[in-house]
Amino acid sequence: MFSVEQEKSNKKTDKKMLYIISSIILIGIICAGMFIYLNTNNYDNIKKDVNKDLVYTRFKRNIEDNKTEVPMININSTDVDIINKEIVDIMNNFLKEENNLSDYEYSINKNILSVVLVMINNNTDTTPIFSFKTYNINLTTLKKISNSELLSMYNTNEKEVSNSIKTQFKEYYEEEISNGYIVKEECDYKCYITWRGITDYIDKVEYYVDDNKLYAYKEFNPYSIYEEEDYYNLDSFMFYIKD
C-alpha cells in the first residue's frame, strides 16, 4: 500500500517530468519556427516586385560561350534606387565594347545583402583587366552600408585589411614557386608583386560579405611572362578578411 508521502512524492515527480517535457516541446517549436522563417523568408515586405527574387537579372546577352548579366536589386528604398541607377550607368558604359563581359553574385547574411559586379575588360592592348564593384545593404534599415561602417561591424580597419591581403599575396607567391611557375632565384616577392600591378594593397578594394565573413575583392593582374594565369580564377581576387 502507498503512503500519503509516497503519493505526494509521485505527484511532484510527475509535475517535474511534465515541466521538462513541456519545455522540450516548446524549445522544439521555437527552433522549428526559426528554421522555417530563415529558410522561407523571401523578403516580400521590402521588395518592389514581390513576384521576383531579391536580386534578379535585369539584362543579359550571350556572345558565343560567354554570358553577360546585369543585376537588379529588388528593394523598395531610396538608397537602392540610387544603387540600381549607378549599376545601369556603370554597365551601359562598360558594355559599349562588345567584347567586354560582366557577371554578378549576391549573398544574404543575416541583415546584410552583398552584391558584387564582376567586369572583364577584353578591349586592351595587352591582357584582360578584371575589376569589381560591390554594394552592401542593411536589410533592416534598407540603407547602403559604407565601407567604414562595414569595417566597424567586423571590428577591423584598413591597416588590418591591407595586412590580410599582403599575407594572401605572399601565399600565392609561395604556391606559384611550389607549382613551378616561378623560380625564386629569378623572381623574388618584389618582382612577383610588381607583375601583379600592386603598389598599394588597399587600393581598389571592394568589400563583400559571404557566409557572414568579411572579404575584400582586390584588383590585380594575373598575367606575366611566367604564364601562371591558369593558376588563378575569379575566387583568387576574393581575399578573406575576418569572421
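These figures come from a predicted structure and were not determined experimentally. All residue numbers refer to position in the chain's written sequence, counted from 1. For a predicted model such as this one, the threshold for reporting local features is a pLDDT of at least 70, and the threshold for listing and counting side-chain atom pairs is 80 or more; totals across whole chains, interfaces and linings nevertheless cover every residue. The side-chain quantities take in all heavy atoms of the structure and omit both hydrogens and water.

(A) Region of the structure containing the sheet that holds strand β6 (residues 205–210). Note on pairing: DSSP must find at least two bridges between two strands before they are called paired. The numbering of helices and of strands both runs from the N terminus, where a helix is a DSSP run of H or I of at least 4 residues and a strand a run of E of at least 2. The antiparallel open sheet is built from 3 strands, whose spatial order is β6-β7-β8. Strands at the two margins of the open sheet, each flanked by one partner only, are β6 and β8 (238–242). When strand polarity is set aside, the average angle formed by the axes of neighbouring strands in this sheet is 35°. In this sheet, β8 lies alongside strand β7 (residues 213–218) in antiparallel orientation, the contact comprising 4 bridges. Whenever a helix is involved, its axis is fitted only over the stretch in contact; in every case the axis is a line through C-alpha atoms, and angles between N-to-C directions fall within 0 to 180 degrees.

(B) A look at unusual backbone geometry. Positioned with a positive phi, K110 is a non-glycine residue whose angle comes to about 55°. Residue placement: K110 occurs in the loop between β3 (101–109) and β4 (112–121). Using a relative accessible area of 70% as the deciding quantity, one classes K110 as exposed. Residue E227 is not a glycine yet carries a positive backbone phi of 55°. With respect to the secondary-structure elements, E227 resides in the loop between β7 and β8. Per-residue accessibility, obtained with a 1.4 Å probe over protein chains only, is compared with the maximum for each type, and a residue is labelled buried under 20%, exposed over 50%, and partly exposed between these values.

(C) Summary view of the pattern of salt bridges. Think of a salt bridge as a Lys or Arg side-chain nitrogen and an Asp or Glu carboxyl oxygen that are within 4 Å of each other. Tallying each qualifying case throughout the model produces 8 salt bridges. Taking the shortest distance from any N to any O, the salt bridge between E86 and K133 comes out at 4.0 Å. Placement of E86 in helix α2 (residues 78–94) and of K133 in strand β5 (residues 129–138) is noted, with a sequence separation of 47 residues between them. Here K133 falls in the partly exposed class, since its relative accessible area comes to 22%. R196 is paired through a salt bridge with E176; the nearest N and O atoms lie 3.9 Å apart. Placement of R196 in the loop between α5 (189–195) and β6 and of E176 in helix α4 (residues 158–178) is noted, with a sequence separation of 20 residues between them. Under the relative-accessibility criterion, R196 is labelled buried at 1%.

(D) Molecular detail of the side chain of N136. Structurally, the position occupied by N136 is in strand β5. Given a relative accessible area of 2%, N136 falls into the buried group. Any pair of residues with heavy atoms lying within 4.5 Å of one another is described as a contacting pair. Excluding residues within four positions of it along the chain, N136 makes contact with I112, L113, S114, K143, K144, I145, L150, Y207, Y208 and V209.

(E) Highlighting the packing of aromatic side chains. Any two of the Phe, Tyr and Trp rings considered here, Trp counted by its six-membered ring, make a pair once their centres fall within 6.5 Å; the pair's planes then place it as stacked at under 30 degrees, edge-to-face at over 60, or tilted in between. In this structure the tally under the stated criterion is 20 aromatic pairs. Geometrically, the ring pair formed by F169 and F239 is tilted, given 5.0 Å between the ring centres and 45° between the ring planes. One end of the pair, F169, is in helix α4; the other, F239, is in strand β8, and 70 residues separate them in sequence. Across the pair, F239 and F169 agree in class, each one buried. On the numbers, 5.8 Å between centres and 75° between planes, the contact of Y208 with Y217 is edge-to-face.

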